[in-house]
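Close look at the chain arrangement
Letter by letter, the chains look like this.
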Amino acid sequence: MTDSLAVLERQGLIEMRPNSRDGRSKCVFNTAAGSAFRQRAVESLRISRRMGADFARSWARVSRHAGQPFHGIAGRLADAFMESGLSDLV
């Protein structure tokens, strides 16, 4: 955990200060850059979720109707093939 926090501190996203009540530990605070980064991350997550939901709804609409036009055409072609007598040649 300490190594991960040290990376964030070097990047300027957090600030670690000694704990005034317990000298063995440190308190972690967001910097302005850390707060801005967090806000961008949260907004990106919201956008991703919306895009995922939009895609799921679109896919549901497409898959619900998938194959219907082709099925209808294929059925009519099969009927015409059978009625024409050409099915005997196969």
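The structure under discussion appears in the preceding block.
The following paragraphs examine the structure supplied in this document. (Residues numbered from 1 in each chain as written. Predicted model: local features only at pLDDT ≥ 70, side-chain atom pairs only at ≥ 80, totals over all residues. Heavy atoms only, no water.)

Attention shifts here to the overall build of the chain. What the chain contains, in helices and strands, is three helices and two strands. If you list the helices and strands of the chain from N to C, you get α-β-β-α-α. The 90 residues of the chain split such that 9% are buried. In the chain, the share of contacts with a sequence separation of at least 24, taken over all contacts with a separation of at least 6, comes to 2%. Summed over its atoms, the accessible surface of the chain is roughly 7,800 Å², and 60% of this surface lies on carbon and sulfur atoms. (Helix = DSSP H or I, 4+ residues; strand = E, 2+ residues; numbered from the N terminus. Buried < 20%, exposed > 50% of the residue type's maximum accessible area, 1.4 Å probe, protein only. Contact = heavy atoms within 4.5 Å. Areas by Shrake-Rupley, 256 points an atom, 1.4 Å probe, with all protein chains shown as cover.)

Take the pattern of salt bridges next. For the structure shown, the criterion picks out four salt bridges. Note that R17 and E15 form a salt bridge whose closest N and O atoms lie 3.0 Å from each other. With its nearest N and O atoms 3.6 Å apart, the salt bridge here joins R46 to E43. Taken as a pair, R46 and E43 lie in helix 2 (residues 32-65) at a separation of three residues, close to a single helical turn. The exposure class of R46 is partly exposed, given its relative accessible area of 45%. Each of the salt bridges in this network shares a partner with another, and the network as a whole consists of E43, R46 and R50. (Salt bridge = Lys/Arg side-chain N within 4 Å of Asp/Glu carboxyl O.)

Turning to its location among the elements, S35 is positioned in helix 2. The class for S35 is partly exposed, based on a relative accessible area of 36%.

Below, the discussion takes up the packing of aromatic side chains. Using the criterion set out here, one finds zero aromatic pairs in the structure. Between R17 and the ring centre of F29, over which it is positioned, the NZ or CZ distance is 4.0 Å. (Phe/Tyr/Trp six-rings, centres within 6.5 Å; stacked < 30°, edge-to-face > 60°. Lys NZ or Arg CZ within 6 Å of the ring centre and 35° of its normal.)

Here T31 shows up in the loop between strand 2 (26-30) and helix 2. According to the relative accessible area criterion, T31 is buried, its value standing at 18%. Of the polar contacts made by the side chain of T31, one reaches the backbone oxygen of G12; its length is 2.5 Å. Contact partners of T31, with chain neighbours within four places excluded, come to G12, L13, I14 and E15. (Polar contact = N/O pair within 3.5 Å; in protein donor to acceptor, adjacent residues only side chain to side chain.)

To continue, consider the environment of I14. By the secondary structure assignment, I14 is in strand 1 (residues 14-18). Residue class for I14 comes out buried when judged on its relative accessible area of 9%. Measuring from C-alpha to C-alpha, the distance between I14 and G34 comes to 6.0 Å, with 20 residues separating the pair along the chain.

In short, the description is geometric, and any link to function would need to be established separately.
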